[in-house]
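Here is how the chains run, residue by residue.
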Amino acid sequence: MKESLVVLSDVTRDYGTGGAVTHALRGVSLEVGRGEFLAVAGPSGSGKTTLLNLVSGLDRPTAGSVVVDGRAVDRLDAAGAALLRRDRIGFVFQAYNLFPILTAAENAEYVLMLQGVPARERRDRVLPVLARVGLQGLADRFPGELSGGQQQRVAIARAIASEPALVLADEPTANLDSATSESLLELMAELNAERNVTFVFSTHDPRVMARARRLVVLRDGRIDQDGPPPAASAGHAA
């Protein structure tokens, strides 16, 4: 495997107390190498979102350790976890999470603004990224003036504009039609190949699973499968 970017070691996450404990993750160990294009799948309640939340530092494990880019996320305080997310992790959300009062360019610049990058430099960095995701000429449009697929492209531009080590994508195709989903998956695959951006998807979408180069299937909080997706396996065998 390539150099590890994410390492989960015997991670357990429980919610609740007494007889009402929910075991979201049960002793999960997982390594994600730099430059991977990985999908995490499984039925609802299998622990997909919990896993992403632990990697991002939005949640903490009950037991075990989580290391991202050499940093022990589970040992960071709230401020340290926020800085890690700001500087090293990009997010693509199912619901886009764009600011309606900001233009496409301003939304895409948001993380750079939090990092203190000057306004002129932010714009110079973001415009080529917007063009790269197919939004050339739409930088001054507001989210309400864009289609769902275009809004998701703005979200991708925001996620990669700061050149993070890792992009976490939570059900990124859930609200999109087939053609738009395929286009966005192709874009993310190209960004992965060209920029070595590491992508970890949480998904129910068979198209995302088929596009991934590695598929981790969770079931009842444990890793049930870990390897190439079925389509990739078939293609390799052929």
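Small disclaimer: the values here were computed from a predicted structure and weren't measured. Throughout, a residue's number is its position along its own chain's written sequence, starting from 1. Only residues with pLDDT of at least 70 are given local features in this predicted model, and only at 80 or more are side-chain atom pairs given and counted; all residues enter the totals for whole chains, interfaces and linings. Remark: hydrogens and water are excluded; side-chain values derive from all non-hydrogen atoms of the structure.

K.L.:
Give a description of the nonpolar core that names residues and reports values.
P.N.:
Ranked by size, the top nonpolar core spans 43 residues in total, and within it Val126, Leu130, Ile156, Val167, Met188, Phe199 and Phe201 carry the most contacts. Examining the composition of this core, we find that 7 residues originate from one element, helix α6 (residues 148-161), more than from any other. Other than its neighbours up to four places away in sequence, Val167 contacts Gly90, Val92, Ala159, Ile160, Val197, Thr198, Phe199 and Val200. Only buried residues count toward a nonpolar core, which is a set of Ala, Val, Leu, Ile, Met, Phe, Trp, Tyr and Cys residues joined through side-chain atoms within 4.5 Å. Relative accessibility thresholds used throughout: buried, under 20% of the residue-type maximum; exposed, over 50%; partly exposed, between the two (1.4 Å probe, protein chains only). Formed by 26 residues, the second largest nonpolar core is a distinct cluster that contains Val6, Val11, Val40 and Leu166. The secondary structure listing takes helices from DSSP runs of H or I that are at least 4 residues long and strands from runs of E that are at least 2 residues long, numbered from the N terminus. Note on contacts: a residue pair qualifies if any of its non-hydrogen atoms lie within 4.5 Å across the two residues.

K.L.:
Let's hear about the environment of Ser46: which residues, and what values?
P.N.:
Along the chain, Ser46 falls in the loop between β3 (37-41) and α1 (48-56). On the basis of relative accessibility, which here comes to 1%, the residue Ser46 falls in the buried class. Separated by 11 residues in sequence, Ser46 and Gly35 place their C-alpha atoms 25 Å apart. Not counting residues up to four positions away in its chain, the partners in contact with Ser46 are Ala24, Leu25, Ala41, Leu218, Arg219, Asp220 and Gly221. For this analysis, a polar contact is any N or O atom pair within 3.5 Å, provided that within protein one partner can donate a hydrogen and the other can accept it, and provided that sequence-adjacent residues contribute only side-chain to side-chain pairs. A distance of 2.8 Å separates a polar atom in the side chain of Ser46 from the backbone oxygen of Pro43.

K.L.:
Account for the sheet that holds strand β8 (residues 198-202), naming residues and giving values.
P.N.:
The strands making up a sheet associate through backbone hydrogen bonding, with each pair oriented either parallel or antiparallel. As summarised here, the arrangement of the 6 strands in space is β6-β7-β8-β3-β9-β10, forming an open sheet in which the pairing is mixed. With one partner strand each, in any of the chains shown, β6 (89-92) and β10 (222-227) form the two edges of the open sheet. Neighbouring strand axes in the sheet, compared pairwise and without regard to direction, differ in orientation by 20° on average. A strand pair is defined by DSSP finding two or more bridges across the two strands. Across 5 bridges, the pairing between strand β7 (residues 166-170) and β8 is parallel. The residue of β8 that forms the bridge with Leu168 is Val200. Axes here refer to lines fitted to C-alpha atoms; in helices the fit is confined to the stretch in contact. Angles between the N-to-C directions go from 0 to 180 degrees.

K.L.:
Go over the packing of aromatic side chains with me, naming the residues and quoting the values.
P.N.:
Here the aromatic set is Phe, Tyr and Trp, taking the six-membered ring for Trp, and pairing holds for ring centres within 6.5 Å; pairs whose planes are under 30 degrees apart are stacked, those over 60 apart are edge-to-face, and all others are tilted. If you walk through the whole model with that rule in mind, you get 5 aromatic pairs. Seen in terms of ring centroids, Phe37 and Phe201 are 5.1 Å apart; in terms of plane orientation they differ by 80°. Their pairing is edge-to-face. Of this pair, Phe37 sits in strand β3 while Phe201 sits in strand β8, and the two are 164 residues apart along the sequence. Note on Phe91 and Phe93: the rings are 5.6 Å apart at their centroids and 5° apart in plane angle, and the pair reads as stacked. Residue Phe91 is classed as buried on the basis of its relative accessible area of 19%. Feature note: the residues Phe37, Phe199 and Phe201 constitute an aromatic cluster, connected by ring pairs.

K.L.:
Please give an account of the layout of surface pockets that cites residues and values.
P.N.:
Using only the protein atoms, space was sampled on a 1 Å grid; points where a 1.4 Å probe fits but cannot get out form cavities, open sets with protein on both sides within 12 Å along at least five of seven lines form pockets, and lining residues are those with an atom within 4 Å of a point. Grid points are joined across faces, edges and corners, and a volume is the space filled by probe spheres set on the points. Put simply, the largest pocket is a space of about 370 Å³. Along the walls of the largest pocket sit 16 residues, with Arg85, Ile89, Phe91, Phe93 and Val111 positioned nearest its centre. Elements that contribute at least two residues to the lining of the largest pocket include exactly α2 (78-88), β6, α4 (110-114) and α6. Here the lining of the largest pocket is built from residues that sort into 10 nonpolar, 3 polar and 3 charged. Amino acids are sorted into nonpolar (Ala, Val, Leu, Ile, Met, Phe, Trp, Tyr, Cys and Pro), charged (Asp, Glu, Lys and Arg) and polar (every other residue, Gly among them).

K.L.:
Talk me through empty space enclosed by the protein; I want residue IDs and the actual numbers.
P.N.:
For the structure shown, the criterion picks out 1 cavity of 30 Å³ or more. In this structure, the largest cavity is lined by Val6, Leu8, Leu30, Val32, Leu51, Leu52, Val55, Leu168 and Val200. Contributing elements (two or more residues each) for the lining of the largest cavity: β1 (4-15), β2 (22-33) and α1. Among the elements that make up the lining of the largest cavity, the one with the highest residue count is α1 (3 residues). Split by residue class, the lining of the largest cavity holds 9 nonpolar, no polar and no charged.

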